[in-house]
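A structural walkthrough
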Amino acid sequence: MGTPAETDVAAVVQAATHIGARPFKNATGDWASSVEVALMDTILSIGAQVDGAYGAGVLPRLRAFKAFRGQANMMRVVATLGPFGLADFVPERSQIDQLMGAAGQLLDAGVQTASDVDPASDAQRHALIATTGVPEIAWQYFLIALGHQSPELAKLKDTWLDRFVQRATGQTTIDPQQRDALLQEATAELDSLHQLKSYN
């Protein structure tokens, strides 16, 4: 039986594996040069637990989509694929409708690539959240997925990380330094496992 710290790391590793986040390194959804993947991340994650058996969660779908479409970074890719092309990566028809609707409205608001996204643009924010079923917080999630930085976004990311680690370890509260240390150790362990399985 390991120490409490080792048990917590093992719990985080198991939780990361359970949601399909293997390898866990850079698995938090930074699509800074992939605007269409960032939008898909946002739509798929609305109300989702990002949970399920390995291969069934949000992250594996996003990775499969990015591998399929290559280095596009073009919002119009969503419209080009259409509902039949997106069905291989988006599980629900309602999510396909949201994704295509939001992509069209963001294109109309001037968002062609990731560099076109302006965190201060009310028109772009409204283009996203005006889509049926898309909540206000989706704009912040979209910005985080694109790698934008601000104190508000950092606080939101910290909240998500706290919840992930707390669910994994069963703790009701967690110190930020302890959380970060657990995530770093879990990341290193998962990355080592990935390297071993991939190259050994």
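Here the structure is a predicted model, which is why all the values come from computation and not from measurement. (Residues numbered from 1 in each chain as written. Predicted model: local features only at pLDDT ≥ 70, side-chain atom pairs only at ≥ 80, totals over all residues. Heavy atoms only, no water.)

Re the confidence of the model for the protein chain
Defined as follows: Summary of the metric used: pLDDT quantifies the predictor's per-residue confidence within the range 0 to 100. A helix here means a DSSP run of H or I that spans at least four residues, while a strand means a run of E at least two residues long, and both kinds are numbered starting from the N terminus. Here, residues are in contact when the closest pair of their heavy atoms is within 4.5 Å.
Residues of the protein chain with pLDDT of at least 70 account for 84%, and the chain-wide mean is 81. Mean pLDDT values over the elements of the protein chain span from 76, in helix 3 (residues 58-69), up to 97, in helix 6 (residues 122-129). The low-confidence segment residues 23-28, where pLDDT is below 50, has 12 contacts with residues more than four positions distant or belonging to other chains. When the criterion is pLDDT under 50, residues 49-56 qualifies, and its contacts beyond four places in sequence or with other chains add up to 14 contacts.

Quick notes on helix 1 (residues 4-18)
Put simply, the rule is: In a helix, the anticipated span is given by 1.5 Å times the number of residues less one. Three labels apply to residues, based on accessible area from a 1.4 Å probe with only protein chains included: buried if under 20% of the type maximum, exposed if over 50%, partly exposed otherwise in between.
Under the 1.5 Å per step criterion, the end-to-end length of helix 1 is 21 Å for 15 residues, consistent within 8% with the ideal 21 Å. Residues Asp8, Val9, Ala11, Val12, Val13, Ala15 and Ala16 constitute the buried set of helix 1.

A short note on the pattern of salt bridges
Counted only if it meets this: For salt bridges, the criterion is a side-chain nitrogen of Lys or Arg within 4 Å of an Asp or Glu carboxyl oxygen.
Taken as a whole, this structure holds five salt bridges when the rule is applied. Arg93 is the salt-bridge partner of Asp97, the closest N and O atoms lying 2.9 Å from each other. On the criterion of helical spacing, the pair formed by Asp97 and Arg93 is a turn pair, its members being four residues apart in helix 5 (residues 93-108). For Asp97, a relative accessible area of 41% gives the class partly exposed. A single network of salt bridges, built from pairs that share partners, joins Asp158, Asp162, Arg179 and Asp180.

Looking at the nonpolar core
Our working rule: We call a set of buried residues a nonpolar core when its members are Ala, Val, Leu, Ile, Met, Phe, Trp, Tyr or Cys and they connect through side-chain atoms within 4.5 Å of each other.
Formed by 39 residues in total, the largest nonpolar core has its most connected members in Leu39, Met40, Leu128 and Phe142. Here this core gets seven residues from one element, more than from any other, and that element is helix 2 (residues 35-45). When neighbours within four sequence positions are excluded, Phe142 is seen to be in contact with Val35, Ala38, Leu39, Thr42, Met75, Leu106, Val117 and Leu128.

Focus on the environment of Gly110
Take Gly110: it is sitting in the loop between helix 5 and helix 6. With 14 residues separating them in the primary sequence, Gly110 and Gln124 have C-alpha atoms 7.8 Å apart.

Points about the packing of helix 5 against helix 6
For any two helices packed against each other, one specifies the crossing angle of their axes together with the interaxial distance. Worth spelling out the cut-off: Axis lines are fitted through C-alpha atoms, for helices just across the contact stretch, and the angle between N-to-C directions can take any value from 0 to 180 degrees. Each angle gets one of four labels, with under 35 degrees taken as roughly parallel, over 145 as roughly antiparallel, 65 to 115 as roughly perpendicular, and the rest as oblique. In this scheme, a crossing is called left-handed if the near helix is turned counterclockwise away from the far one by less than a right angle; it is called right-handed if the turn is clockwise. Residues are grouped as follows: Ala, Val, Leu, Ile, Met, Phe, Trp, Tyr, Cys and Pro are nonpolar; Asp, Glu, Lys and Arg are charged; every other residue, Gly included, is polar.
Here helix 5 crosses helix 6 at 160 degrees, and the two axes come no closer than 8 Å. For the element pair helix 5 / helix 6, the angle class is roughly antiparallel. Remark: the crossing between helix 5 and helix 6 carries right-handed chirality. Along the contact surface, helix 5 presents Ala102, Gln105 and Leu106, while helix 6 presents Gln124, Ala127 and Leu128. Of the residues that constitute the contact of helix 5 with helix 6, the class distribution is four nonpolar, two polar and no charged.

Re the packing of aromatic side chains
Counted only if it meets this: Aromatic contacts are taken between Phe, Tyr and Trp rings whose centres are within 6.5 Å, Trp giving its six-membered ring; a plane angle under 30 degrees counts as stacked, one over 60 as edge-to-face, and the others as tilted.
Counted under the stated rule, the structure contains two aromatic pairs. Residues Phe65 and Phe89 carry aromatic rings whose centres are separated by 5.3 Å and whose planes lie at 75 degrees to one another, so their mutual orientation is edge-to-face. Taken together, the positions of Phe65 in helix 3 and Phe89 in the loop between helix 4 (76-86) and helix 5 put the pair 24 residues apart, joining distant regions of the chain. Taken as a pair, Phe65 and Phe89 share a single burial class, namely buried.

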